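# Descriptive analysis of the structure
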Amino acid sequence: MVKLKIAKIKELRGEIIRKLYDCYGAPVVISNINTMLSYKGYHQREDIKKALMYLSGVKKEFVEITINENDYWASFIQLTPAGVNLAEGDISDMGVLLHG
């Protein structure tokens, strides 16, 4: 059961990278990421927020978040060059599961 949950978390991170790659070139409002992922069964905002923290963390820096101090979900997010490399398969991360 734990392995399934870990795989689901890694898959969520990969889906976020994939969605941002599809929108590359323009920042996306974080609430839109939540909406884009809802059809895949990701409804928990807290899980999405944790995934974004991982992807934007030190030594990861796959995404850049411009925080809206009044409303986190109104913040903007976009891929960094490292995030593009991850999406294109030039680099990998054990914590991100990308489906080709």
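A few words on the overall build of the chain. Each helix and strand in the chain was counted, giving 4 helices and 3 strands. Across the chain, helices and strands are ordered from the amino to the carboxyl terminus as α-β-α-α-β-β-α. For 100 residues, the compact-globule estimate of 2.2 N^0.38 gives 13 Å, and the chain sits close to it at 13 Å. Each of the three principal axes of the chain carries a C-alpha extent, and together these read 35 × 30 × 25 Å. Within the chain, the proportion of its 100 residues that are buried is 34%. Long-range contacts, defined as pairs at least 24 residues apart, comprise 56% of the intrachain contacts of the chain with a sequence gap of at least 6. Summed over its atoms, the accessible surface of the chain is roughly 6,300 Å², and 55% of this surface lies on carbon and sulfur atoms. When the 13 basic and 12 acidic side-chain charges of the chain are each reduced to a single mean position, those positions are 9 Å apart.

Quick look at the sheet that holds strand E3 (residues 76-79) now. Overall, antiparallel pairing links the 3 strands, which are arranged E1-E3-E2 in an open sheet. Unpaired on one side and paired on the other, strand E1 (28-29) and strand E2 (63-66) mark the two borders of the sheet. Looking at chain direction, E2 and E3 are connected through 4 bridges and run antiparallel. Within the sheet, the bridge partner assigned to Ile-65 lies in E3 and is Ile-77.

Right, let's talk about the nonpolar core for a bit. One finds Ile-16, Ile-17, Leu-20 and Ile-77 to be the most contacted residues of the largest nonpolar core, which totals 22 residues. For this core, the elements supplying multiple residues, two or more each, are helix H1 (2-22), helix H2 (30-38), helix H3 (45-56), E3 and helix H4 (81-87). Dropping the residues within four chain positions of it, Leu-20 is found in contact with Val-28, Ile-33, Val-63, Ile-77 and Leu-79.

Let us look at the packing of aromatic side chains. Taken as a whole and assessed by the stated rule, the structure comprises 1 aromatic pair. Pairing Tyr-72 with Trp-73 gives two aromatic rings, centres 5.3 Å apart and planes at 90°, and the pair type is edge-to-face. A single burial state applies to Tyr-72 and to Trp-73, both of which are buried. Taking the ring centre of Tyr-72 as reference, the NZ or CZ of Lys-49 above it sits at 4.7 Å.

Glancing now at the environment of Leu-37. For Leu-37, the location among the structural elements is in helix H2. Along the sequence, Leu-37 and Lys-19 sit 18 residues apart, while their C-alpha atoms lie 8.4 Å from each other.

The terminal C-alpha atoms of H1, which comprises 21 residues, lie 30 Å apart, in line with the 30 Å expected from a rise of 1.5 Å per residue. Those residues of H1 that fall on the buried side of the exposure criterion are Leu-12, Arg-13, Gly-14, Glu-15, Ile-16, Ile-17, Lys-19 and Leu-20. Taken together, the buried residues of H1 touch E1, H2, H3, E2, E3 and H4.

About the cut-offs
- Residues numbered from 1 in each chain as written.
- Predicted model: local features only at pLDDT ≥ 70, side-chain atom pairs only at ≥ 80, totals over all residues.
- Heavy atoms only, no water.
- Helix = DSSP H or I, 4+ residues; strand = E, 2+ residues; numbered from the N terminus.
- Rg over C-alpha atoms; globule rule 2.2 N^0.38 Å.
- Buried < 20%, exposed > 50% of the residue type's maximum accessible area, 1.4 Å probe, protein only.
- Contact = heavy atoms within 4.5 Å.
- Areas by Shrake-Rupley, 256 points an atom, 1.4 Å probe, with all protein chains shown as cover.
- Lys, Arg positive; Asp, Glu negative; His and termini not counted.
- Charge placed at Lys NZ, Arg CZ, Asp CG, Glu CD.
- Pairing = 2+ DSSP bridges.
- Core = buried A, V, L, I, M, F, W, Y, C linked by side-chain atoms within 4.5 Å.
- Phe/Tyr/Trp six-rings, centres within 6.5 Å; stacked < 30°, edge-to-face > 60°.
- Lys NZ or Arg CZ within 6 Å of the ring centre and 35° of its normal.
- Expected span 1.5 Å × (residues − 1).

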